[in-house]
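Structural overview
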Amino acid sequence: PFTSWAEWMFVVMLVLAIGTVGLSRAIEQSRLGWGLAAIRDNERAAEAVGVPTLRLKLVATTLSGALMGVAGAPLPYFSGYLHPDAAFGLSYA
């Protein structure tokens with residue numbers, strides 16, 4: 001179905017992007033999203049009404065790191081060559 005490797009990688013990255021947007025939308029409309037919105041607006045007030053701010057911050061940090069890992073995973077397959085200076089250098093970051 002795919003004519004080239006780059007086409008297949010494009011589809012993989014597109015599916016990952018759509019999945020990430022869907023996950024973000026689901027989080028935004030969930031209890032987790034409401035808690036994060038409360039923390040964003042006023043952390044002290046959110047904590048005063050019973051929002052577990054530390055737990056929600058840890059979940060948000062973990063999800064963010066996991067999504068960045070998923071986003072960066074196809075990079076070596078797409079580029080074909082990965083060197084630490086090329087991937088983690090200041091010019092690329």
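None of the values given here were measured: they were computed from a predicted structure.

**Details of the overall build of the protein**
Helices and strands together make up the secondary structure of the protein, namely six helices and zero strands. Secondary structure elements of the protein, listed N to C terminal, follow the sequence α-α-α-α-α-α. Compactness check: the protein gives a C-alpha radius of gyration of 18 Å against a globular reference of 12 Å for 93 residues, more than 25% above the reference. Projecting the C-alpha coordinates of the protein onto the three principal axes gives extents of approximately 55 × 35 × 15 Å. Residues classed as buried in the protein amount to 15% of the 93 residues present.

**Quick look at the pattern of salt bridges**
Summed over the entire model, instances satisfying the criterion amount to three salt bridges. The shortest N-O distance in the salt bridge between arginine 25 and glutamate 28 comes to 3.4 Å. Placement of the pair is arginine 25 and glutamate 28 together in helix α1 (residues 5-28), with a separation of three residues, close to one helical turn. For glutamate 28, a relative accessible area of 49% gives the class partly exposed.

Quick notes on the rules
- Residues numbered from 1 in each chain as written.
- Predicted model: local features only at pLDDT ≥ 70, side-chain atom pairs only at ≥ 80, totals over all residues.
- Heavy atoms only, no water.
- Helix = DSSP H or I, 4+ residues; strand = E, 2+ residues; numbered from the N terminus.
- Rg over C-alpha atoms; globule rule 2.2 N^0.38 Å.
- Buried < 20%, exposed > 50% of the residue type's maximum accessible area, 1.4 Å probe, protein only.
- Salt bridge = Lys/Arg side-chain N within 4 Å of Asp/Glu carboxyl O.

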